[in-house]
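Read off the chains here:
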Amino acid sequence: LNGARLIVAKPDGHWDSEYLIESIGREHVTVMHFVPSMLRTFLKELPGEIPLSLARVICSGEALPLDLQNEFLRRLPDVALSNLYGPTEAAVAVTNWECRLEADRREVPIGRPIANIRMYILDKALNPVPIGVPGELHIGGAGVARGYLNRPELTAERFIPDPFNPKLGARLYKTGDLARYGTDGNIEYLGRMDYQVKLRGFRIELGEIETVLAQHPGILEAAVVMREDTPGDKTLVAYVVPKVKREVEIPASELRRYLQQKLPQYMVPGIFVPLEEAQLAADFWAD
């Protein structure tokens, strides 16, 4: 649409910083897109100066940590960094924030809506919340999808009539994301209101993993959380209670193979922790 040329990395090349840097120079790449976890890996392995052609990096798919933004801007001061937000249900990107170093900033905003998009932060009665007060983020405008294919009940739940738009048939998408307005009018993302998480850009329902795990013949109960014990290193951890107390625990490799037959690889936990039944609720909520 804009006369630009798209360079597609080789399979898994986006994890190879040396390859990416070589590709930027060879192809004179000007714009790159990363999910934050990939950007952290890229910066960590960056040997020195990057090719001069790179003008902008775009981040989306996960919350952009403040420390990662600041590290990027200090190391690459001549490269612009944009933080975008948006779900698939609204044509992906709906807000934009141009990153900058600010001493009093505690988190990276997701910014303001792009053209033809309207953003609302509402309470449970669909009333706009005041500045600084958390509420559910709603999206209106041209980017909002018609709904979910062959899922009328879910469509009715998430795509609701737009009370702020007199146009017939106008709807809002209820994102399930918690947000608030900063004093400067920019939107700050605060996390999910349910058990959905983002891992390396993939949207994951933790309850779906728990349901599949509980179907294993040796598992009585399961709880899955996403941990970030090391900044930037997010991992799915499954806590499992066996049906029968055994002297030998169910091997993690067995549970991993079981899940790989039923779920995509990015939804398979990296760590499995066996628990006594009485421990499960306490350990889960502690996390």
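Structure: see above.
Residues numbered from 1 in each chain as written. Predicted model: local features only at pLDDT ≥ 70, side-chain atom pairs only at ≥ 80, totals over all residues. Heavy atoms only, no water.

**Here's the deal with the packing of helix α2 (residues 36–44) against helix α3 (residues 66–75)**
- Look at α2 against α3: their axes get within 11 Å of each other, and the N-to-C directions meet at 40°. Classified by the angle their axes make, α2 and α3 are oblique. In this structure, α2 meets α3 at a crossing whose hand is left-handed. Residue-level contacts link Pro36, Leu39, Arg40, Leu43 and Lys44 of α2 to Asp67, Leu68, Glu71, Phe72 and Arg75 of α3.
- Of the residues in the contact of α2 with α3, the class split is 5 nonpolar, no polar and 5 charged. (Axes fitted to C-alpha atoms, helices over the stretch in contact; angles between N-to-C directions. Helix = DSSP H or I, 4+ residues; strand = E, 2+ residues; numbered from the N terminus. Parallel < 35°, antiparallel > 145°, perpendicular 65-115°, else oblique. Left-handed = near helix turned anticlockwise from the far one by under 90°. Contact = heavy atoms within 4.5 Å. Nonpolar A, V, L, I, M, F, W, Y, C, P; charged D, E, K, R; others polar.)

**Things to note about the pattern of salt bridges**
- Counted by the stated rule, this structure contains 18 salt bridges.
- One connected set of salt bridges, linked through shared partners, spans Arg5, Glu22, Arg26 and Glu27. (Salt bridge = Lys/Arg side-chain N within 4 Å of Asp/Glu carboxyl O.)

**Description of the nonpolar core**
- If you look at the biggest cluster of nonpolar residues, it comprises 27 residues, and the most contacted ones within it are Phe34, Leu39, Phe42, Val57, Phe72 and Leu81.
- Looking at this core, the elements that each hand over two or more residues are α1 (17–27), β1 (31–34), α2, β2 (56–59) and α3.
- With near-sequence residues (within four places) excluded, phenylalanine 42 lies in contact with Ser17, Leu20, Ile21, Ile24 and Phe34.
- Core analysis: the next-biggest nonpolar cluster, separate from the first, contains 21 residues, Leu206, Leu213, Ile219 and Leu263 among them. (Core = buried A, V, L, I, M, F, W, Y, C linked by side-chain atoms within 4.5 Å. Buried < 20%, exposed > 50% of the residue type's maximum accessible area, 1.4 Å probe, protein only.)

**With respect to the pairing of strand β11 (residues 196–199)**
- Bridge count between β11 and strand β12 (residues 202–205): 4 bridges; the pairing is antiparallel. Across the sheet, leucine 199 pairs through a bridge with phenylalanine 202, a residue of β12.
- Between β11 and β12, which pair antiparallel one after the other, the connecting turn spans 2 residues, and arginine 200 there sits at a positive phi close to 50°. (Pairing = 2+ DSSP bridges.)

**Digging into the sheet that holds strand β3 (residues 80–85)**
- One open sheet holds the 5 strands; their spatial order is β1-β2-β3-β4-β5, and the pairing between them is mixed. The outermost strands of the open sheet, each flanked by one partner alone, are β1 and β5 (112–113).
- Pairing analysis gives 4 bridges linking β1 to β2, with the strands arranged parallel. Note that in β2 the partner of histidine 33 across the bridge is isoleucine 58.

**Quick look at unusual backbone geometry**
- Backbone geometry at aspartate 12 places phi at a positive 65°, although glycine is not the residue there.
- Within the fold, aspartate 12 resides in the segment before α1.
- Accessibility expressed as a relative area gives 58% for aspartate 12, which makes it exposed.
- Residues other than glycine seldom take positive phi values, yet leucine 126 does so here, at roughly 65°.
- Residue classification places leucine 126 among the partly exposed residues on the basis of a relative accessible area of 27%.

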